[in-house]
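Listed below, chain by chain, are the residues.
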Amino acid sequence: MRASLSRHAVLVQGVPDVQIVQQLDPLRSAVDGLKASGTLALVPTMGALHEGHLTLVRAARAAATHIAVSIFVNPRQFGPKEDLARYPRQLERDCELLEAEGVALVWAPDLAAMYPAGYATGVSVSGVSEGLCGEMRPGHFDGVATVVCKLFNQVRPDVALFGEKDWQQLAVIRRMARDLDLVLPRAEAILGVPTVREADGLALSSRNAYLSEADRKAAVALPDGMKVAIAAIRAGAPIAEATAALKAGLTAAGFASVDYAELREAASLVSVEVLGEAPARLFVAARIGGARLIDNMPLVL
Ligand code: AMP
């Protein structure tokens with residue numbers, strides 16, 4: 001493996017090494033260099049990479065000449081009682097995985113590069129950020145919008161890719177890009193990638209690492225229960241009844257609590273009480289063992 005935490009590219013037999021950059025000045029030169037020879041896609045992540053992240057990287061390959069991946073565990077999107085301190089960090093391994101995927105640039109800023117002393121600015125998106133995770137995690141989407149806005153300005157990507165696993169996050173970022181007239185990337189160049197799942201249906205997540213073997217087995221009740229609720233709603237069950245049954249099922253399966261289980265319009269995230277014309281999705285967040293798991297699925301599977 002040639003990945004290393006050096007600031008600049010090393011040329012090996014004419015093939016540029018992945019550039020791993022941790023400060024803004026070398027980032028700017030690296031981005032300028034890449035943009036001189038094609039388009040650039042950005043995949044923002046918090047690291048601890050899994051197949052879900054790598055699927056975004058592969059989708060990025062089809063969308064641009066060069067791929068940049070950011071790895072930054074953003075404190076501003078964690079609540080005071082959340083898992084910031086124990087969130088998995090494995091930068092060397094992540095860089096090796098990304099190098100194997102042909103990623104040109106890894107942007108892994110340290111805290112001071114992202115939020116230098118005196119930092120005082122935030123981006124706040126209302127509307128789509130309200131309810132669901134926005135309600136359960138106050139300030140979370142302000143932290144997400146702020147860091148993603150900064151990442152966009154730092155990396156200046158033509159295209160950016162996000163997972164549909166975090167559907168509300170994707171909606172917040174698209175709204176921000178539209179509302180702030182972002183140019184790199186334009187709102188239309190913010191692409192969503194379908195959720196990657198384990199063989200049993202559990203969505204891949206860095207937080208699945210918190211699960212014991214028994215909790216991991218029990219966690220399959222989340223996607224299974226969602227599919228049952230969706231089938232019931234499609235068959236005419238009242239939405240409130242189907243979501244209540246889903247919550248009860250998750251608790252019975254060993255989940256400690258359910259933050260929410262709600263049907264919402266896919267684009268606007270407005271609550272759906274009675275089925276209408278607009279495409280709808282089921283959104284769930286529930287806690288098991290040490291993990292808070294989220295998932296969402298379309299009403300039409
Ligand atoms: P994270 O590192 O959790 O912030 O995620 C970085 C990006 O990967 C986000 O756009 C996520 O939505 C996306 N992502 C995480 N898990 C998955 C998954 N299972 N399938 C698809 N995308 C994912």
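What counts, and at which threshold
Residues numbered from 1 in each chain as written. Predicted model: local features only at pLDDT ≥ 70, side-chain atom pairs only at ≥ 80, totals over all residues. Heavy atoms only, no water. Helix = DSSP H or I, 4+ residues; strand = E, 2+ residues; numbered from the N terminus. Rg over C-alpha atoms; globule rule 2.2 N^0.38 Å. Buried < 20%, exposed > 50% of the residue type's maximum accessible area, 1.4 Å probe, protein only. Contact = heavy atoms within 4.5 Å. Areas by Shrake-Rupley, 256 points an atom, 1.4 Å probe, with all protein chains shown as cover. Lys, Arg positive; Asp, Glu negative; His and termini not counted. Charge placed at Lys NZ, Arg CZ, Asp CG, Glu CD. Salt bridge = Lys/Arg side-chain N within 4 Å of Asp/Glu carboxyl O. Polar contact = N/O pair within 3.5 Å; in protein donor to acceptor, adjacent residues only side chain to side chain. Domains from an automatic or database assignment. Buried area = accessible area lost by both parts, 1.4 Å probe. Expected span 1.5 Å × (residues − 1). Arc of directions from axis to C-beta. Phe/Tyr/Trp six-rings, centres within 6.5 Å; stacked < 30°, edge-to-face > 60°. Lys NZ or Arg CZ within 6 Å of the ring centre and 35° of its normal. pLDDT = per-residue confidence, 0-100. Pairing = 2+ DSSP bridges. Axes fitted to C-alpha atoms, helices over the stretch in contact; angles between N-to-C directions.

Looking at the overall build of the protein
At step 1: Scanning the protein from N- to C-terminus turns up ten helices and eleven strands.
At step 2: For a compact globule of 301 residues, the expected C-alpha radius of gyration is about 19 Å, and the protein comes in at 20 Å, within 12% of that figure.
At step 3: When its C-alpha atoms are laid out on the principal axes, the protein stretches across 60 × 45 × 40 Å.
At step 4: The buried share of the protein, reckoned over its 301 residues, is 52%.
At step 5: For the protein, contacts bridging at least 24 residues in sequence account for 71% of all contacts bridging at least 6.
At step 6: Working note: accessible area of the protein is about 13600 Å², and carbon and sulfur atoms make up 55% of it.
At step 7: Taking the average location of the 30 positive side-chain charges in the protein and that of its 33 negative ones, the two points are 2 Å from each other.

Structural notes on the side chain of R281
At step 1: Tracing the backbone through its elements, the reader meets R281 in strand β10 (residues 280-288).
At step 2: Buried R281, no salt bridge; nearest opposite-charge side chain is E164, N-O distance 4.2 Å.
At step 3: Among the polar contacts made by the side chain of R281, one reaches the side chain of N296 at a distance of 2.8 Å.

Considering the domain arrangement of the protein
A common way to state how big an interface is: give the accessible area lost once the parts meet.
At step 1: In terms of domains, the protein is made up of domain 1 (11-193) and domain 2 (206-299).
At step 2: Of note, the centres of domain 1 and domain 2, computed from C-alpha atoms alone, are 27 Å apart.
At step 3: At the interface, 22 residues of domain 1 touch 17 residues of domain 2.
At step 4: With both chains or domains summed, domain 1 and domain 2 bury close to 1700 Å², and 54% of this area falls on carbon and sulfur atoms.
At step 5: The three residues of domain 1 that bury the most area against domain 2 are L132, M136 and W167, which together make up 38% of that side's buried surface.
At step 6: Counting the contacts that link domain 1 with domain 2 gives one salt bridge.
At step 7: Measuring nitrogen to oxygen at the nearest pair gives 2.8 Å for the salt bridge that ties D83 to R207.
At step 8: Listed by contribution, the elements that provide at least two residues to the side of domain 1 that touches domain 2 are α5 (132-136) and α7 (167-179).

Topic: helix α1 (residues 24-35)
At step 1: With twelve residues, α1 extends 16 Å from end C-alpha to end C-alpha; this agrees with the ideal 16 Å at 1.5 Å per step.
At step 2: Buried residues of α1: P26, L27, A30, V31 and L34, and no others. Buried residues in α1, looked at end-on, bunch into an arc of 135°, giving them a common side.
At step 3: Packing partners of the buried residues in α1 comprise β3 (19-21), β4 (40-45), β5 (66-71), β6 (105-107) and α6 (140-155).

Concerning the pattern of salt bridges
At step 1: Applying the stated rule across the entire model yields 15 salt bridges.
At step 2: Here R216 ties to D200 by a salt bridge, and the two come within 2.9 Å at their closest N and O atoms. Of this pair, R216 sits in helix α8 (residues 213-218) while D200 sits in the loop between β8 (190-193) and α8, and the two are 16 residues apart along the sequence.
At step 3: Salt bridges sharing common partners tie together E51, R58, R61 and E101.

What to know about the packing of aromatic side chains
At step 1: Tallied over the entire structure, the rule returns four aromatic pairs.
At step 2: Ring centres of F78 and Y87 lie 5.8 Å apart, and the angle between their planes is 80°; this geometry places the pair in the edge-to-face category.
At step 3: On the basis of relative accessible area, F78 is assigned to the buried category, the value being 10%.
At step 4: Taking relative accessible area as the criterion, Y87 reaches 7% and is therefore assigned buried.
At step 5: Taking the centre distance of 5.0 Å and the plane angle of 70° together, the rings of Y115 and Y119 count as edge-to-face.
At step 6: Judged by its relative accessible area of 13%, Y115 is buried.
At step 7: Over the ring of Y115 we find R76; its NZ or CZ atom is 5.1 Å from the centre of that ring.

Here we look at the confidence of the model for the protein
At step 1: Mean pLDDT over the protein stands at 95; residues scoring 70 or higher make up 94%.
At step 2: Below a pLDDT of 50 lies the segment residues 6-15, which in the model reaches 14 contacts outside its immediate sequence neighbourhood of four places, other chains included.

Some details on the sheet that holds β10
At step 1: Spatially, β9-β10-β11 is the arrangement adopted by the three strands of the open sheet, whose pairing is antiparallel. One side of each edge strand has no neighbouring strand; the edge strands of this open sheet are β9 (257-265) and β11 (291-298). The mean inter-strand angle of the sheet, taken between neighbouring strand axes irrespective of direction, is 10°.
At step 2: Pairing analysis gives eight bridges linking β10 to β11, with the strands arranged antiparallel. Each residue of the ladder has a partner; that of A286, found in β11, is L293.

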